[in-house]
Amino acid sequence: MNSGTITVERQREALLRMLAAATFIIFFQAFMVAPIIPQLASTFAVSPHQAGFIVPAYLIPYGIATLTSVLLADRIGIWRIMAASLCAFSLLTALTATAQSIEQVAFWRLLTGLGASGVVPLALVLVGRLFPYERRGRPLGWLFGAMAGGMAFGSTVGAVLEPYL
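Residues numbered from 1 in each chain as written. Predicted model: local features only at pLDDT ≥ 70, side-chain atom pairs only at ≥ 80, totals over all residues. Heavy atoms only, no water.

A.B. asks: I tried to follow the overall build of the protein on my own but got confused; where do I start?
C.D. replies: When helices and strands are tallied, the protein shows eight helices and zero strands. Counting only C-alpha atoms and orienting by the principal axes, one finds that the protein spans roughly 65 × 35 × 20 Å. Buried residues in the protein amount to 41% of all 165 residues. Sequence separation of 24 or more characterises 77% of the internal contacts of the protein that already satisfy a separation of 6 or more. Approximately 9,000 Å² of the protein is accessible, and the part contributed by carbon and sulfur atoms is 71%. With 10 positive and 6 negative side-chain charges, the protein shows a separation of 10 Å between the mean positions of the two kinds. (Helix = DSSP H or I, 4+ residues; strand = E, 2+ residues; numbered from the N terminus. Buried < 20%, exposed > 50% of the residue type's maximum accessible area, 1.4 Å probe, protein only. Contact = heavy atoms within 4.5 Å. Areas by Shrake-Rupley, 256 points an atom, 1.4 Å probe, with all protein chains shown as cover. Lys, Arg positive; Asp, Glu negative; His and termini not counted. Charge placed at Lys NZ, Arg CZ, Asp CG, Glu CD.)

A.B. asks: Which parts of the structure should I look at to understand the layout of surface pockets?
C.D. replies: Empty space among the atoms can be located by rolling a probe the size of a water molecule over them. Approximately 370 Å³ is the volume attributed to the largest pocket. Lining the largest pocket we find 15 residues, and of these Val-33, Ile-36, Leu-40, Thr-96 and Ala-97 sit closest to its centre. Broken down by secondary-structure element, the contributors of at least two residues to the lining of the largest pocket are α1 (3–32), α2 (37–43), α5 (78–96) and α6 (102–116). When the residues that make up the lining of the largest pocket are grouped by side-chain class, the tally is nine nonpolar, five polar and one charged. (1 Å grid on protein atoms, 1.4 Å probe; cavity = no way out; pocket = protein on both sides within 12 Å on 5 of 7 lines; lining within 4 Å. Points joined across faces, edges and corners; volume = space filled by probe spheres on them. Nonpolar A, V, L, I, M, F, W, Y, C, P; charged D, E, K, R; others polar.)

A.B. asks: How do you make sense of the nonpolar core when you look at a structure like this?
C.D. replies: Buried together is how nonpolar side chains tend to be arranged in soluble globular proteins. Leu-19, Ile-26, Tyr-58, Tyr-62 and Met-82 are the most contacted members of the largest nonpolar core, which totals 26 residues. Looking at this core, the elements with two or more residues in it are α1, α4 (54–76), α5, α7 (119–130) and α8 (137–161). Here the element with the most residues in this core is α1; it accounts for eight residues. Look past the residues within four positions of Met-82 in its chain and what remains in contact with it is Leu-19, Val-119, Leu-122, Ala-123 and Leu-126. Of all hydrophobic cores here, the second largest spans 16 residues; its members include Leu-40, Val-46, Ile-54 and Val-55. (Core = buried A, V, L, I, M, F, W, Y, C linked by side-chain atoms within 4.5 Å.)

Below is the structure:
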């Protein structure tokens, strides 16, 4: 291997770590709210049933918008959509903390789901483009492991933090 090949390999690995981290955070944030629904219901003086709508308020728009993010990336560019998606996710997650009602929480989560929708599908596209077919298993494993880890740790951390919120 020459130094150019080693540099490209290091860049791929660094990108894979960043994509896995972004995937983890998106799923972590999505799943950490379910255990805190009772506390949110109490805080906003609504029933747990009403507060429970914040979960699908994120996941439904996220799921639907993932279908369009790759189409947009084909027209506008992967990096532009990925950057816009990460920025929107970060900003909208922060704005969720400003909510004064459960309806506002649901609204911010709806927008956050839309914003986050470009990261994971485009991460999969990037793995397909950057890693040769015979070497894609490990990178795909990292992304799917980050998804599962985000779900597991998000719901666990949400449950652990619930008494303190």
